[in-house]
Structures are given as structure tokens and as C-alpha cells.
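Chain residues, written in single-letter form:
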Amino acid sequence: MIKFFLMVNKQGQTRLSRYYEHVEMNKRTMLEAEVIKTCLSRSKDQCSFIEYKDFKLVYRQYAALFVVVGINETENEMAVYELIHNFVEVLDKYFSRV
């Protein structure tokens, strides 16, 4: 199950966030800061799946944009990785030049 969906730029600014479980605003801010720091600090050679606290992070980088999805332990990481790609392709078709 997807817990949250984030789109973040390289400067660490959240451009889109969607939570599928209730999280208080102050906890969201802290969670996003930690998740962004974790993903931005990784090199391109490292795996795009990270075990983080009680869930997993799946992220993908497109130029200066990072798409990060938080999922539970039982979710398939590769399926979410492809979901991210399909989502970005749809955005690119709809808005052109995402």
C-alpha cells in the first residue's frame, strides 16, 4: 500500500505531496525533510529502494526532479518504480516538457 507520494526538486523543496494515511502537519514536515535528505544524498549508482523506519522508499530522478513514494513492507518495489515512470510519462504528455 502506498503511504505517500512526493515530488521534490534538487534544492530539497517539495513541489507536490500526497498522503494516503493521516499524518499531522508537523510530522509531515519532519518526515519530508528526512526523506528528501536521504534520497538527495545517494549517488546515481546506488539502488533506488531504501528501507526507512517502518516502510520503504522508492524514488526515481528525472533531471532536477525526484519522485519519492513511501510504501509498506509488502508492496512490490519494482511495480512502484514503474508506476513512477508511467506517472511522469503521463505528466509529460499532458503538460509537455515535464
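Look up: the structure comes first, before these words.
Residues numbered from 1 in each chain as written. Predicted model: local features only at pLDDT ≥ 70, side-chain atom pairs only at ≥ 80, totals over all residues. Heavy atoms only, no water.

> How would you sum up the pattern of salt bridges? Please name residues and give values.
The final tally for this structure, using the stated rule, is 3 salt bridges. E34 is paired through a salt bridge with K53; the nearest N and O atoms lie 3.2 Å apart. Here E34 is found in helix 1 (residues 25–40), whereas its partner K53 is found in the loop between strand 3 (49–52) and strand 4 (55–62), with 19 residues between them in sequence. By relative accessible area, which is 63% here, K53 ends up exposed. (Salt bridge = Lys/Arg side-chain N within 4 Å of Asp/Glu carboxyl O. Helix = DSSP H or I, 4+ residues; strand = E, 2+ residues; numbered from the N terminus. Buried < 20%, exposed > 50% of the residue type's maximum accessible area, 1.4 Å probe, protein only.)

> So, the side chain of N9: which residues are in play, and what are the values?
Examined against the element boundaries, N9 turns out to sit in strand 1 (residues 2–9). In this structure the side chain of N9 is engaged in a polar contact, spanning 3.2 Å, whose partner is the backbone nitrogen of Q11. Side chain to side chain, N9 and Q13 meet in a polar contact 2.8 Å long. Apart from the residues within four sequence positions on either side, N9 is in contact with R15, L40, A64 and L65. (Polar contact = N/O pair within 3.5 Å; in protein donor to acceptor, adjacent residues only side chain to side chain. Contact = heavy atoms within 4.5 Å.)

> Mind laying out the nonpolar core, listing which residues take part and the relevant values?
Within the largest apolar cluster, 15 residues are counted, with the highest numbers of intra-cluster contacts made by F4, L6, L31, V35, C39, L57 and V68. At the level of secondary structure, the elements contributing two or more residues to this core comprise strand 1, helix 1, strand 3, strand 4 and strand 5 (65–71). Per element, the largest residue contribution to this core is 4 residues, and it comes from helix 1. Filtering out sequence-adjacent residues up to four positions away, L57 remains in contact with F4, V35, C39, S48, F49, I50, Y52, V68, V69 and G70. In terms of nonpolar packing, the next biggest core, distinct from the first, is built from 12 residues, L65, I71, V80 and L91 among them. (Core = buried A, V, L, I, M, F, W, Y, C linked by side-chain atoms within 4.5 Å.)

> Please provide a residue-by-residue account of helix 2 (residues 77–95), values included.
Owing to its 3.6 residues per turn, the α-helix aligns residues three or four sequence positions apart on the same side. Between its first and last C-alpha, helix 2 extends 27 Å over 19 residues, near the 27 Å set by a 1.5 Å rise per residue. Along helix 2, the positions that sit buried rather than exposed are V80, Y81, I84, V88 and L91. The buried residues of helix 2 occupy an angular sector of 110 degrees when projected down its axis, which confines them to one face. Relative to its buried face, helix 2 has exposed residues pointing more than 90 degrees away, namely V90, K93 and Y94. Those residues of helix 2 that are buried lie in contact with strand 1, strand 3, strand 4 and strand 5. With a side-chain oxygen lying 3.0 Å from the backbone nitrogen of M78, the N-terminal cap of helix 2 falls on N76. Phi turns positive, to about 55 degrees, at S96, one or two residues after helix 2. (Expected span 1.5 Å × (residues − 1). Arc of directions from axis to C-beta.)

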